[in-house]
Amino acid sequence: MELYLDTADVTAVRRWSRILPLAGVTTNPSITATGGMPLSELLPVLREVLGPKGRLFAQVMGKTESEMVREALALRELDRDLVVKVPVCAEGLAAIKGLTALGVPTLGTAVYTPMQGVLAALAGAEYVAPYVNRLDAQGGDGIKAVQELQQLLALHAPGSKVLAASFRTPRQALDCLLAGCQSITLPLDVAEQLLNVPAVDAALLKFDQDWQRAFPDGGV
């Protein structure tokens, strides 16, 4: 399993990389714009925080195949291990095919249907990112779409992985893992919810109180 953070907040990545077994960091244009740091500055800083083994993801903004490929190659100059995110539209699929031929790893993003996802995988995408909560918000079933995509990849493109994205709750992430997802990326608020379990705090407080009553001098 690969666990990623979906953020451009370097301070948060530094904090969570100490706590969680992070595989790396994913970004998208909206996240990067909110952070206010251009990719030319952000990617080297994230690489410094994550170290050589962490994987970074950044998205192209071009509208045509040639624009996307050109931008992807420029992004790879910023980080040689970068996975390039490409939207799964007609031009994006062509770009994924072209980048795969050049040996550039890609992620098919903005996936709202299982067929979109399997087409990206067949075009050569190493990862496919279904938008779980966005599907739910549009009246769809994000988890069902992930389950169907997992089945399609297992049957027709076993070399590609689902990297589930767009979560509002830890339960959505858990359901994706139970569906067989090999990778998920969490926004910071959902990462916080993972370890925000009031019962744990209550249990630790009770342990401490009982220990202090029995061993006021420390007891070690």
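For the chain, an unreviewed UniProt entry supplies the name Fructose-6-phosphate aldolase and the organism Aeromonas taiwanensis. What UniProt states about the chain under its Subcellular location (unreviewed entry) heading is, verbatim, "Cytoplasm". According to its UniProt record, the chain has this under Sequence similarities (unreviewed entry): "Belongs to the transaldolase family. Type 3A subfamily."

Moving on: the nonpolar core. Among the nonpolar cores identified, the biggest contains 56 residues, and V86, A164, F167, C176 and I184 are the most heavily contacted of them. Per-element accounting of this core gives the leading share, six residues, to helix α3 (residues 39-50). With sequence-adjacent residues up to four places away left out, C176 is seen in contact with V132, I143, V146, A164, F167, C181 and I184. Counting seven residues, the second largest nonpolar core, distinct from the first, contains Y4, L107, Y127 and L163.

Another point: the pairing of strand β4 (residues 83-87). The element β4 is extensively covered by neighbouring structure, given that five of its five residues are classed as buried. What you see with β4 is no split at all: V83, K85 and P87 on one side and V84 and V86 on the other are buried throughout. Bridge analysis of strand β3 (residues 55-59) against β4 gives three bridges, and the strand direction is parallel. When the bridges of β4 are listed, A58 appears paired with V84. Where the polypeptide runs from β3 across helix α4 (residues 65-78) and back to β4, its parallel neighbour, the crossover connection is right-handed. Considered for its hand, the β-α-β crossover made up of β4, helix α5 (residues 90-101) and strand β5 (residues 106-111) is right-handed.

Together, V197, V200, L204 and F207 make up an exposed nonpolar region whose accessible area comes to about 370 Å². Tracing the sequence through the fold places F207 in helix α11 (residues 198-214). Take F207: its relative accessible area is 57%, and that puts it in the exposed class.

A few words now on helix α6 (residues 114-123). Burial analysis of α6 places seven of its 10 residues in the buried class, which makes it a mostly covered element. For α6, the set of buried residues is P114, Q116, G117, V118, A120, A121 and A123. Its buried side turned inward, α6 meets α5, β5, β6 (127-130) and α8 (142-156). Remark: G124 follows α6 within two positions and exhibits a positive phi of approximately 120°.

On to the packing of helix α1 (residues 10-19) against α3, then. Axis separation between α1 and α3 bottoms out at 10 Å; the angle between their running directions is 15°. When the axis of α1 is compared with that of α3, the two are roughly parallel. In this structure, α1 crosses over α3, and the sense of that crossing is right-handed. The segment α1 lies against α3, with V10, V13, R14 and S17 engaging L42, V45, L46, V49 and L50. A breakdown of the residues in the contact of α1 with α3 according to their chemical character gives seven nonpolar, one polar and one charged.

Basis of the calculations
- Residues numbered from 1 in each chain as written.
- Predicted model: local features only at pLDDT ≥ 70, side-chain atom pairs only at ≥ 80, totals over all residues.
- Heavy atoms only, no water.
- UniProt positions renumbered as here; feature names shortened; annotations may be inferred.
- Core = buried A, V, L, I, M, F, W, Y, C linked by side-chain atoms within 4.5 Å.
- Buried < 20%, exposed > 50% of the residue type's maximum accessible area, 1.4 Å probe, protein only.
- Helix = DSSP H or I, 4+ residues; strand = E, 2+ residues; numbered from the N terminus.
- Contact = heavy atoms within 4.5 Å.
- Pairing = 2+ DSSP bridges.
- Right-handed = clockwise from strand over helix to strand, strands pointing away.
- Patch = residues over 30% accessible without salt bridge, like charges linked within 9 Å, V, L, I, M, F, W, Y side chains within 5 Å.
- Areas by Shrake-Rupley, 256 points an atom, 1.4 Å probe, with all protein chains shown as cover.
- Salt bridge = Lys/Arg side-chain N within 4 Å of Asp/Glu carboxyl O.
- Axes fitted to C-alpha atoms, helices over the stretch in contact; angles between N-to-C directions.
- Parallel < 35°, antiparallel > 145°, perpendicular 65-115°, else oblique.
- Left-handed = near helix turned anticlockwise from the far one by under 90°.
- Nonpolar A, V, L, I, M, F, W, Y, C, P; charged D, E, K, R; others polar.

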